[in-house]
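Observations on the three-dimensional arrangement
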Amino acid sequence: MNCPECDATINIPDDASVGEIVSCPDCGADFEIAKKNGSNVELKQAESVGEDWGE
Amino acid sequence: MSKICIVFDRLRAEEKMLQKEASDLGHDVVMLDAKITQINTDSKKEDYGLGDVVLERCVSYFRGLHFTASLEFLDIPVLNRFEVANVCGNKMFMTLLLKKHNISTPKTYFSFSSESAATNLEKVGFPLVIKPVIGSWGRGVMPLKDKDTMEAVFEIRDITDSPHDRIYYLQELVKRPPRDIRIITIGDQAVAAMYRKSSGGFKTNIALGADPELCEITKEMEDMAIKASKAMGGGILGIDMMEDDKNGLVIHEVNNTVEFKGLARVAQRNIPQEMVKFALDYIRK
């Protein structure tokens, strides 16, 4: 599918799951897989790293 | 066969490993994204079908903590428990609890304004390490080696003035080899450990590029790790130790939502499988 930011092609692995993060190889933007039904994938903007992220 | 739920907000390798191990053991697995889950004061456990036990694995500490509170309100067993997550997520609370239980930990100073912290630092002497009470991956951890650095760091904190910036946690700079030790504890067992070698600076966080190397768990390490785990309230934890030239092993951190991707690849024991088994044993006790 195409990057919502720059329109480059993003390859979504077949075994990718909802909630996983994929990155655009061209612009580097991160997207979260919001929905996945076979080859139909919906992406949403991934959250940026928060102050409270980590272990 | 049991049913286990893994709560996440960013599906990482760790959560997928836990899912796979639970499935391979023959259990039903529910993957639940905390970001899109609604809970209200009339909610009931039966509304969610999360199964017998939940592993809370959010990368956002506050999201995970509040989600855990919601699940415990619904009488759903969660690992780690709210009290454990609450203490481990705040370095000051965690340090106080370690010391209270006579667990060797670096000397740490607490102040509640920049003026007071500056006064104390000049009295104690440089260097000390400043750490945010909330946060991980070494972010905001800085050695304060002189007055100029201290004033710059404190000024930035006064400008940003987030609530936790008003809490000054300053710790002695421990003289040690350029590495620390991470031990994963599951219940009352230390299941795996690694050295985390600094990649140049004084920080040893894997997230910052430190090199992991398998570490053999000595009896002393195991005893200290288990004691620290019990002090926090038990569960699944990541215990960080340093080899202090002066005081021997000291525990400087206990982590609540432990990351184990790197260690799982080299550890002799199956870390995610042990976590799943522990979670299911936990509800049977």
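Residues numbered from 1 in each chain as written. Chains lettered and ligands numbered in written order. Predicted model: local features only at pLDDT ≥ 70, side-chain atom pairs only at ≥ 80, totals over all residues.

Turning next to the overall build of chain B. Along its length, chain B carries nine helices and 13 strands. Taken over C-alpha atoms, the radius of gyration comes to 20 Å for chain B, in line with the 19 Å a tight globule of 285 residues would show. Viewed in the frame of its principal axes, chain B has a C-alpha envelope of about 60 × 45 × 30 Å. Long-range contacts, defined here as pairs at least 24 residues apart, represent 66% of the contacts in chain B between residues at least 6 apart. (Helix = DSSP H or I, 4+ residues; strand = E, 2+ residues; numbered from the N terminus. Rg over C-alpha atoms; globule rule 2.2 N^0.38 Å. Contact = placed C-beta atoms within 7 Å.)

Moving on, we come to the pairing of strand β1 (residues 3–8) of chain B. Residue and element names in this part refer to chain B. Among the six residues in β1, five count as buried, and that is most of the element. Note that β1 and strand β2 (residues 28–33) share six bridges and pair parallel. Across the sheet, residue Val-7 finds its bridge partner in β2, namely Leu-32. The parallel pair β1 and β2, bridged by helix α1 (residues 13–24), forms a crossover whose chirality is right-handed. For β1 and strand β3 (residues 53–56), the ladder comprises four bridges, and the chain directions are parallel. In the strand pairing of β3, Ile-6 is matched with Leu-55. (Buried ≥ 20, exposed ≤ 12 C-beta atoms within 10 Å, placed from the backbone. Pairing = 2+ DSSP bridges. Right-handed = clockwise from strand over helix to strand, strands pointing away.)

What follows is about the sheet that holds β2(B). All names here are of chain B. If you trace the four strands from one edge of the open sheet to the other, you get β2-β1-β3-β4, paired in parallel fashion. A strand with exactly one partner marks an edge of an open sheet, and here the two such strands are β2 and β4 (78–79). Strands in contact with helix α2 (residues 61–73) are β1, β3 and β4; relative to β3, the strand with the most contacts, it is inclined by about 170°. Lying over the sheet, helix α9 (residues 271–284) contacts β1, β3 and β4, oriented at roughly 135° with respect to β3. (Axes fitted to C-alpha atoms, helices over the stretch in contact; angles between N-to-C directions.)

We now examine the interface of chain B and chain A. The interface of chain B with chain A comprises 18 residues on the first partner and ten residues on the second. Residues that form the side of chain B that touches chain A fall into these classes: eight nonpolar, seven polar and three charged. (Nonpolar A, V, L, I, M, F, W, Y, C, P; charged D, E, K, R; others polar.)

The next thing to look at is the domain arrangement of chain B. Residues and elements named next belong to chain B. What the domain assignment reports for chain B is domain 1 (3–87), domain 2 (90–104 + 175–256) and domain 3 (108–172). Facing seven residues of domain 1, the contacting portion of domain 2 comprises ten residues. With four residues, helix α3 (residues 82–88) is the single largest residue contributor to the side of domain 1 that touches domain 2. When the residues that make up the side of domain 1 that touches domain 2 are grouped by side-chain class, the tally is four nonpolar, one polar and two charged. (Domains from an automatic or database assignment.)

As a further point, take the environment of Gly138(B). Looking at the element boundaries, Gly138(B) is found in the loop between β6 (128–131) and β7 (142–144). For the pair Gly138(B) and Lys203(B), spaced 65 residues apart in sequence, the C-alpha separation works out to 6.7 Å.

Time to look at the sheet that holds strand β5 (residues 108–111) of chain B. Residues and elements named next belong to chain B. One open sheet holds the four strands; their spatial order is β5-β8-β6-β7, and the pairing between them is antiparallel. At either margin of the open sheet sits one strand with a lone partner, and together these are β5 and β7. The average angle at which neighbouring strand axes cross in this sheet is 30°, direction not considered. Relative to strand β8 (residues 168–172), β6 runs antiparallel, the two being bridged by four bridges. Residue pairing in the sheet places Val-129 in a bridge with Gln-171 of β8. Together, β5, β6, β7 and β8 form the strand contacts of helix α5 (residues 114–124), whose direction differs from that of β5 by roughly 150°.

Residues and elements named next belong to chain B. Across the interface, α1 lies against α9 with an axial gap of 8 Å and an inter-helix angle of 65°. In this structure, α1 meets α9 at a crossing whose hand is right-handed. Two secondary-structure elements touch here, α1 through Met-17, Leu-18, Glu-21 and Ala-22 and α9 through Pro-272, Gln-273, Met-275 and Val-276. (Left-handed = near helix turned anticlockwise from the far one by under 90°.)

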